[in-house]
Structure formats: structure tokens, C-alpha cells
Amino acid sequence: MAITNMPKTAAIDDAALISRSLAHAFDDDPMMRWFFPEDSSREASLGSYFTTIFTRQYVDNGVCECTEAAAAFWVPPEAQAKAVPDAETIQELQNILGDRAGLFRDAVEAAAEHTPQEPHWYLALLGADPAAQGQGHGAALLRSGLAKADAAGLPAYLESSKASNLPFYEHFGFTVRKELRLPGGGPMLWAMWREPRRPVNA
């Protein structure tokens with residue numbers, strides 16, 4: 001039976017499914033491989049990382065949606081002050097990252113310096129399990145979030161650390177606004193921007 005790609009609002013009970021899907025989705029991501037360089041422990045570490053940011057940072061403060069094989073975390077402008085990790089979350093992430101915690105902190109700070117100041121919907125994360133590739137999970141989630149941004153008349157912003165994903169986002173109207181090399185010898189990050197479109201039923 002095909003795995004459904006119909007987006008639904010993610011709840012705390014979806015944490016295990018979401019963290020598993022995202023751990024598989026980001027296994028070959030250059031930035032995640034930089035943060036979690038050990039092949040033998042990467043899947044478990046990624047699972048812990050995504051569980052932490054979903055349950056502690058985004059599920060209550062962002063707009064989180066999932067399918068049976070993918071997830072997207074969005075932050076609308078009114079939630080951006082809240083959707084930041086508190087001290088306990090930061091400590092938990094440091095424990096997961098171990099000796100890479102400093103690199104992670106520097107990368108987050110470097111990316112934050114380039115965050116647009118004007119109100120926008122921020123796509124914090126989008127990933128689909130490669131086992132369900134080609135079934136439209138990522139596209140369905142992206143369309144759903146962009147429809148909300150468009151309905152609000154607001155642009156959308158994201159950072160991608162995987163060059164092969166750029167055409168996917170460009171297909172949905174994003175353009176590369178800036179290329180950023182992460183500090184400490186880190187990978188490249190592409191900041192992408194999309195102007196709002198008039199909703200189809202407007």
C-alpha cells in the first residue's frame with residue numbers, strides 16, 4: 001500500500017515517526033554530516049536531535065506538519081521570538097552534539113546574521129525519508145506551508161545546506177539570495193527567498 005503524502009498538523013505523539021523520517025532524510029546532508037561525522041552513531045544522534053527540536057522548540061511554537069514519511073517545521077513571523085531553544089533545550093542539544101556543539105553554535109549564529117529582518121515565514125526544516133522518494137511528500141508539505149504564507153501575503157525564507165536541493169526549491173519560486181560558508185571549515189549554506197503569490201482562490 002502506498003504511503004500517504006497528505007500533510008497533517010503534527011502533534012507530540014508524532015515525534016517518533018518524525019524523528020525517524022528526518023534522520024533518514026538528513027543522513028547524507030553535508031551540514032548534518034559535519035555535525036555528526038561518525039557513521040556508526042549518526043542515525044541515532046540525528047534521531048535524538050530531531051526529537052529534541054521538534055518536541056521542545058517547534059511543535060508548540062511553530063507550524064509543524066508531517067506525512068507518513070516526511071516533516072516540515074515552519075515559523076511564522078509572530079512566533080519567531082518564541083521558536084528559539086531555551087536553556088534546557090540548548091543543554092540537551094549540547095549533550096547530543098558532544099564535541100561538535102561549538103561548531104553547531106557558531107553555525108547557528110552565522111546563519112542568524114543573514115536572517116531577513118522583514119516579516120516572513122521561515123522554513124526551519126523540511127525532509128522526506130529517501131525510501132519514499134518520488135512520492136511527493138516533500139512537495140506536498142512545501143505547498144501546504146507556502147499556501148499559508150501566501151494567504152498571509154508574506155514571503156518565505158529558508159537555508160539549504162545541500163546543493164542538489166536548490167532546483168527543488170527554485171521550482172516552487174525560491175531564489176538564492178546569498179551563499180554562506182559556515183565557520184570552522186563547515187559546508188556551504190544557501191539562503192533562499194520567495195516573494196508571496198496571490199492565493200489561487202483570492
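Colleague: What should I look at first to understand the side chain of Lys162 in this one?
Modeller: When you line up the elements, Lys162 lands in the loop between strand 5 (156–160) and helix 7 (166–171). A distance of 2.9 Å separates polar atoms of two side chains, one belonging to Lys162 and the other to Asp28. Discounting residues that sit within four places of it in the chain, Lys162 has contacts with Asp28, Asp29, Pro30 and Trp190.

Colleague: Just checking my understanding: could you explain empty space enclosed by the protein for this structure?
Modeller: With a probe scaled to a water molecule rolled over the atoms, the places where space remains empty come into view. For the coordinates displayed, the defined rule picks out one cavity of 30 Å³ or more. When its volume is computed, the largest cavity comes out at roughly 50 Å³. As for the largest cavity, its lining consists of Ala111, His114, Tyr157, Glu159, Lys178, Leu180, Leu189, Trp190 and Ala191. Grouping the amino acids of the lining of the largest cavity by side-chain chemistry returns six nonpolar, one polar and two charged.

Colleague: What is the right way to look at the pattern of salt bridges in this model?
Modeller: Where side chains of opposite charge bring their charged atoms close, a pairing between them can arise. If you walk through the whole model with that rule in mind, you get eleven salt bridges. As a salt-bridge pair, Asp14 and Lys8 come within 3.1 Å of each other at their nearest N and O atoms. For Arg42, the salt bridge is made with Asp39, and the minimal N-O distance between the two is 2.7 Å. In this pair, Arg42 and Asp39 both sit in helix 3 (residues 39–58), three residues apart, roughly one turn of the helix. Using a relative accessible area of 2% as the deciding quantity, one classes Arg42 as buried. Classification of Asp39 by relative accessible area gives exposed; the value is 59%. When salt bridges that share partners are traced, they join Asp27, Arg33, Asp39 and Arg42 into one network.

Rules used throughout
Residues numbered from 1 in each chain as written. Predicted model: local features only at pLDDT ≥ 70, side-chain atom pairs only at ≥ 80, totals over all residues. Heavy atoms only, no water. Helix = DSSP H or I, 4+ residues; strand = E, 2+ residues; numbered from the N terminus. Polar contact = N/O pair within 3.5 Å; in protein donor to acceptor, adjacent residues only side chain to side chain. Contact = heavy atoms within 4.5 Å. 1 Å grid on protein atoms, 1.4 Å probe; cavity = no way out; pocket = protein on both sides within 12 Å on 5 of 7 lines; lining within 4 Å. Points joined across faces, edges and corners; volume = space filled by probe spheres on them. Nonpolar A, V, L, I, M, F, W, Y, C, P; charged D, E, K, R; others polar. Salt bridge = Lys/Arg side-chain N within 4 Å of Asp/Glu carboxyl O. Buried < 20%, exposed > 50% of the residue type's maximum accessible area, 1.4 Å probe, protein only.

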